[in-house]
Amino acid sequence: MSIKYHPDIFLLASNTGIRLHRYWDFDYPQSDNSLSHNPEDYIQQLRQTLDESIQLRLRADVPVGCYLSGGLDSSTVLGMAAVHSSEPLKAFTIAFEHAAYDEAAIAQETAAHCQADIQVIPVNQKDIADHFADAIWHCEMLSMNANTTAKYLLSLAARDAGYKVVLTGEGSDEIFWWICAFPPR
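Residues numbered from 1 in each chain as written. Predicted model: local features only at pLDDT ≥ 70, side-chain atom pairs only at ≥ 80, totals over all residues. Heavy atoms only, no water.

### Digging into the overall build of the chain
Helix and strand counts for the chain stand at 6 helices and 6 strands. In sequence order, the chain lays out its α and β elements as β-β-α-β-α-β-α-β-α-α-β-α. Counting all 185 residues of the chain, 24% fall into the buried class. Sequence separation of at least 24 residues holds for 63% of the intrachain contacts in the chain that already meet a minimum separation of 6. Carbon and sulfur atoms provide 55% of the accessible area of the chain, an area that totals close to 13,400 Å². (Helix = DSSP H or I, 4+ residues; strand = E, 2+ residues; numbered from the N terminus. Buried < 20%, exposed > 50% of the residue type's maximum accessible area, 1.4 Å probe, protein only. Contact = heavy atoms within 4.5 Å. Areas by Shrake-Rupley, 256 points an atom, 1.4 Å probe, with all protein chains shown as cover.)

So this is what it looks like as structure tokens:
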């Protein structure tokens with residue numbers, strides 16, 4: 001049996017056999033023609049939808065922070081959230097000892113541009129090794145790399161700083177990839 005990787009399907013194996021189960025899919029309803037096929041219109045609709053989503057998540061009775069890497073996804077979320085915040089937002093980023101993985105300088109530049117208060121959490125290989133088992137236990141799944149442990153350490157730092165709610169760009173790279181790879185018809 002050949003199984004092709006799909007991010008929206010999981011395999012369930014039991015005594016009765018093997019079953020593939022789709023757990024999510026994008027719903028592309030038929031267009032009401034409110035938008036033309038002009039790319040700028042779609043960009044504007046995406047911007048408005050993302051802005052509304054961020055505004056809704058900023059409504060909280062506790063402080064709301066942001067995870068920030070050097071990527072476009074978390075930078076976009078922080079930038080849009082900063083527009084709607086009357087006070088500087090708190091941003092949390094990781095600084096890795098290996099330069100190839102470290103995006104702290106870009107995150108610090110983004111935080112400065114957004115007038116956010118940034119907390120840089122230094123993480124080294126020993127930190128990853130020391131917290132690997134706890135990270136796996138908390139995420140309840142296997143991990144292919146140290147990203148899970150790094151996110152766990154980032155979460156600990158946010159919690160220790162008094163933040164129970166954080167905005168993140170997690171998952172948006174995958175969604176935009178999916179849309180580009182399999183555009184709606």
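Text resumes after the structure shown.
### A look at the layout of surface pockets
Here the second largest pocket defines a volume of roughly 880 Å³. Around the second largest pocket, the lining is made up of 32 residues, and of these Phe96, Tyr101, Asn147, Ala150 and Lys151 lie nearest the centre. For the lining of the second largest pocket, the element with the highest residue contribution is helix α5 (residues 147–160), accounting for 4 residues. Counted by class, the lining of the second largest pocket contains 12 nonpolar, 12 polar and 8 charged residues. (1 Å grid on protein atoms, 1.4 Å probe; cavity = no way out; pocket = protein on both sides within 12 Å on 5 of 7 lines; lining within 4 Å. Points joined across faces, edges and corners; volume = space filled by probe spheres on them. Nonpolar A, V, L, I, M, F, W, Y, C, P; charged D, E, K, R; others polar.)

### Observations regarding the pairing of strand β3 (residues 64–67)
On β3, burial covers both faces: Val64 and Cys66 on one face and Gly65 and Tyr67 on the other are all buried. Sheet analysis places β3 next to strand β4 (residues 90–96), joined by 3 bridges and oriented parallel. Note on β4: the bridge partner recorded for Tyr67 is Phe92. (Pairing = 2+ DSSP bridges.)

### Brief notes about the packing of helix α4 (residues 125–139) against α5
Interhelical geometry of α4 versus α5 gives an angle of 90 degrees and a closest axis separation of 8 Å. One finds that α4 runs roughly perpendicular with respect to α5. Residues Asp127, Ile128, His131, Phe132, Asp134, Ala135, His138 and Cys139 of α4 form the contact with α5, whose participating residues are Thr148, Thr149, Ala150, Tyr152, Leu153 and Leu156. Classifying every residue of the contact of α4 with α5 by side-chain character gives 8 nonpolar, 4 polar and 2 charged. (Axes fitted to C-alpha atoms, helices over the stretch in contact; angles between N-to-C directions. Parallel < 35°, antiparallel > 145°, perpendicular 65-115°, else oblique.)

### Digging into the packing of aromatic side chains
For any pair of aromatic rings, the description rests on two quantities: the centre-to-centre distance and the angle between the ring planes. For the structure on display, the rule yields 1 aromatic pair. Both rings, one in Phe92 and one in Tyr163, keep their centres 5.4 Å apart while their planes meet at 75 degrees; by these two values the pair is edge-to-face. You can see Phe92 sitting in strand β4 and its partner Tyr163 sitting in the loop between α5 and β6 (165–167), a full 71 residues away along the chain. With respect to class, Phe92 is no different from Tyr163; both count as buried. (Phe/Tyr/Trp six-rings, centres within 6.5 Å; stacked < 30°, edge-to-face > 60°.)

### Quick look at the packing of helix α1 (residues 39–58) against helix α2 (residues 72–83)
Viewed as axis vectors pointing N to C, α1 and α2 meet at an angle of 70 degrees, and their least axial separation amounts to 10 Å. The angle between α1 and α2 places the two elements in the roughly perpendicular class. Once α1 is placed against α2, the crossing between them reads as right-handed. The residues of α2 that touch α1, namely those facing Arg47, Leu50, Asp51, Ile54 and Leu58, are Thr76, Val77, Met80 and Ala81. Considering only residue class, the contact of α1 with α2 consists of 6 nonpolar, 1 polar and 2 charged. (Left-handed = near helix turned anticlockwise from the far one by under 90°.)

### Observations concerning the nonpolar core
Ile54, Leu68, Leu78 and Leu167 are the most contacted members of the largest nonpolar core, which totals 15 residues. Contributions of two or more residues to this core are made by β3, α2 and α3 (104–113). The leading source of residues in this core is α2, at 4 residues. Ignoring any residue separated from it by four or fewer positions in sequence, one finds Leu167 in contact with Ile54, Arg57, Leu58, Val64, Gly65, Cys66, Tyr67, Val77 and Ala81. (Core = buried A, V, L, I, M, F, W, Y, C linked by side-chain atoms within 4.5 Å.)

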